[in-house]
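Inside the fold
Next come the chains, spelled out residue by residue.
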2 protein chains.
Amino acid sequence: MSTARGARARARIEVTAAIKDEARRQLAAEGAAKLSLRAVARELGMVSSALYRYFPSRDDLLTALIIDAYDSLGGAAESAHAEVAAAGPRERWNAVCVAARRWALDHPHEYALIYGSPVPGYVAPQETVPSASRVGLLLIGVVRDAYRDKGVARTPLPAGLKTEARRMAADLAPDLPPEVVVALVASWAQLYGLIGFELFGQFNRVVEDREPFFRHAVERLAHDVGLVYPEPDGTPGGPHSA
Amino acid sequence: MSTARGARARARIEVTAAIKDEARRQLAAEGAAKLSLRAVARELGMVSSALYRYFPSRDDLLTALIIDAYDSLGGAAESAHAEVAAAGPRERWNAVCVAARRWALDHPHEYALIYGSPVPGYVAPQETVPSASRVGLLLIGVVRDAYRDKGVARTPLPAGLKTEARRMAADLAPDLPPEVVVALVASWAQLYGLIGFELFGQFNRVVEDREPFFRHAVERLAHDVGLVYPEPDGTPGGPHSA
DNA sequence: CAAAAACGAGAGCACCGCTCTTGCATTGGA
DNA sequence: TCCAATGCAAGAGCGGTGCTCTCGTTTTTG
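Residues numbered from 1 in each chain as written. Chains lettered and ligands numbered in written order. Predicted model: local features only at pLDDT ≥ 70, side-chain atom pairs only at ≥ 80, totals over all residues. Heavy atoms only, no water.

1. Comments concerning the interface of chain B and chain A
Stated precisely, the cut-off is as follows: Whether two residues are in contact is decided by their heavy atoms, any of which lying within 4.5 Å being enough. By convention, the term buried area covers the 1.4 Å-probe accessible surface removed from two parts as they join, with the contributions of both added. Pairing of N or O atoms within 3.5 Å defines a polar contact, subject to two protein rules: one partner must be a possible hydrogen donor and the other a possible acceptor, and residues neighboring in sequence count only if both atoms are side-chain atoms. Strands are runs of DSSP state E lasting at least 2 residues, helices are runs of H or I lasting at least 4, and numbering of each runs from the N terminus.
Each partner contributes to the interface: chain B provides 52 residues, whereas chain A provides 52 residues. Buried surface at the junction of chain B and chain A, summed over both partners, amounts to about 4500 Å²; 65% is from carbon and sulfur atoms. Summed over the shared surface of chain B and chain A, the number is 15 residue pairs in polar contact (both at pLDDT 80 or more). Going through the elements one at a time, helix 6 (108-115), helix 9 (162-172), helix 10 (178-199) and helix 11 (210-224) of chain B are the ones with two or more residues in the side of chain B that touches chain A. Ranked by the residues each element gives to the side of chain B that touches chain A, the list is headed by helix 10 of chain B, at eleven residues.

2. With respect to the nonpolar core
Quick note on the threshold: In plain words, nonpolar cores are sets of buried Ala, Val, Leu, Ile, Met, Phe, Trp, Tyr and Cys residues tied together by side-chain atoms within 4.5 Å. For every residue, the accessible area obtained with a 1.4 Å probe (protein chains only) is divided by the maximum for its type, and the residue is called buried under 20%, exposed over 50%, and partly exposed between those limits.
Counting residues in each nonpolar core, the largest one holds 147 residues, and the members touching the most others are Trp93(A), Tyr192(A), Phe213(A), Trp93(B), Tyr192(B) and Phe213(B). Setting aside residues up to four positions removed in sequence, Phe213(B) forms contacts with Leu161(A), Met168(A), Val182(A), Val185(A), Ala186(A), Leu194(B), Phe203(B) and Val207(B).

3. Some details on the UniProt feature "domain: HTH tetR-type" (unreviewed entry) in chain A
What counts, and what does not: UniProt positions are given in the numbering used here, feature names are shortened, and annotations may be inferred rather than shown by experiment.
When the UniProt feature table is mapped onto this chain, "domain: HTH tetR-type" (unreviewed entry) is found at residues 13-73 of chain A. Helix makes up 74% of residues 13-73 of chain A and strand 0%, whereas the separation of the span's terminal C-alpha atoms amounts to 23 Å.

4. Observations concerning the pattern of salt bridges
Side chains bearing opposite charge may pair, as long as their charged atoms lie close to each other. Heads up, the condition is: Only one rule defines a salt bridge in this text: a Lys or Arg side-chain nitrogen within 4 Å of an Asp or Glu carboxyl oxygen.
All told, the structure shown has 34 salt bridges over all chains when counted by the stated rule. A salt bridge links Glu219(A) to Arg90(A), with the nearest nitrogen and oxygen atoms 3.3 Å apart. Of this pair, Glu219(A) sits in helix 11 (residues 210-224) while Arg90(A) sits in helix 5 (residues 89-106), and the two are 129 residues apart along the sequence. Residue class for Glu219(A) comes out buried when judged on its relative accessible area of 15%. On the accessibility criterion, Arg90(A) (18% relative accessible area) is buried. Between Asp145(B) and Arg92(B) there is a salt bridge whose closest N-O contact spans 2.8 Å. Separated by 53 residues along the polypeptide, Asp145(B) in helix 8 (residues 134-149) and Arg92(B) in helix 5 (residues 89-106) bring together distant segments of the chain.

5. Quick word on the UniProt feature "DNA-binding region" (unreviewed entry) in chain A
Residues annotated in UniProt with the feature "DNA-binding region" (unreviewed entry) correspond here to residues 36-55 of chain A. Taken end to end, residues 36-55 of chain A comprises 55% helix and 0% strand; its first and last C-alpha atoms sit 13 Å apart.

6. A look at the packing of aromatic side chains
Here is the rule: Think of it this way: a Phe, Tyr or Trp ring, Trp meaning its six-membered ring, pairs with another when their centres are within 6.5 Å, and the plane angle makes it stacked under 30 degrees, edge-to-face over 60, tilted otherwise.
Within the structure shown, the criterion is met by 22 aromatic pairs over all chains. A ring pair is formed by Phe197(A) and Phe203(A), whose centres lie 5.8 Å apart and whose planes are at 80°; its orientation type is edge-to-face. Seen in terms of ring centroids, Tyr70(B) and Tyr115(B) are 5.8 Å apart; in terms of plane orientation they differ by 90°. Their pairing is edge-to-face. Here Tyr70(B), found in helix 4 (residues 58-83), pairs with Tyr115(B), found in helix 6; they are 45 residues apart in sequence, far enough to count as distant. You can call Tyr70(B) buried: its relative accessible area is 8%. Among the aromatic residues, those joined into a ring-pair cluster are Tyr70(A), Tyr111(A), Tyr115(A), Trp188(A), Tyr192(A), Phe200(A), Phe197(B), Phe203(B) and Phe213(B).

Right under this line is the structure:
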């Protein structure tokens, strides 16, 4: 009968989910390096070899967790962005960045899994790309809207970067000027520098009150992509205008 | 006799160095996760348990490698800086940043060891601090010289960051204004965001021609800390002045 | 010169990822 | 409806890991 086929399939889905859940538990508790297939199987009351029916190797299980982590981070950023979707570009930019930091602090091991050093010999499979792009797409969208609405400040590119900048723009956001796309990609990487340094202890004994520090740094990243501060008198100025 | 005591001590130093060399070899070849004490011992023709006379645990060996890596990176940056020590602040800033990237690309696994996700459950021992600070001290020195010479551009701090900024300045560079110290620390983290994204594959299919991209991003970091472009007419302008 | 410390070697423990075989349950086609 | 094919759990086993402990031997020290 139709449910008969569904029985196996449903069971498979459930067991797969249970494995991922338990693996995620261990990942959150101990980190990726201590995630053990045998321990997962033990905790689920099955024998370790049975687990290989669901994930052909430890790396495959990790890949599944990586995709879930990207989606979790992307979802958190999208939710935060949705709450301020009607606000100005700076508020939206800040919301996405702050949400990314928040998620990283709440899920340190999962963050390390996706943005820390890749597991040696491990190369991210193609199927992670869509999930991995969600935060970036959000930031591109914010800048695109600002650009269409009022335009954004631009910093001229050196001659040696213009060709590559055009190529990047054509790939990522053909409707945005190359200068802006370059600034966006750089800010994107720099954002994760800020988050990673806090998360991985590089700020220990250097930055103590990290939330305002991060918010300020993110504001300055917003300048860098051309989202300007409103001047005290209400006149929009260039970024970092002295 | 005096050499008798020295015989053991010298042998110990040599064996310790040999262990670290072989470990570094394996680290560079396969990454930290695949660094195996047994493999190191095997390669050195000793039994694995003997290795514990020199390093009480795998983590201790890794810590030694981390310190060496920090020193190697710091030394590379200092050499690069020394070659342009007489040049202007921007040249010096760029030289340090470019050298850090170069070192990272040349020693990816060692870079991952020190700036990637920390080994789970591993906290950097206090003795790593001096070696880890060398690049940062270099950057502080560049900005300090520029500040003493001609001053640097400043970006005002939000109210909520002023106290922490003063504390940071007092710790890191009491002679520099808090705004500048904040920008310095942020740029420092952002620099490693740029390097890490390139190294860990986040720029795959996004940035292809990475050298000019990096140089441009680093120039903009220089602005952020107040090292301004000379304007076409020779008048120094504010950073990112439109 | 004797006691103490350092050292190398070996056996062994508990764990790991992964493979292979065996037997049972479910499933889908004749 | 029955049967062959498939899916699956279980167990044993291989080669590897970090680490501990013991046991002689060598070197250093008082």
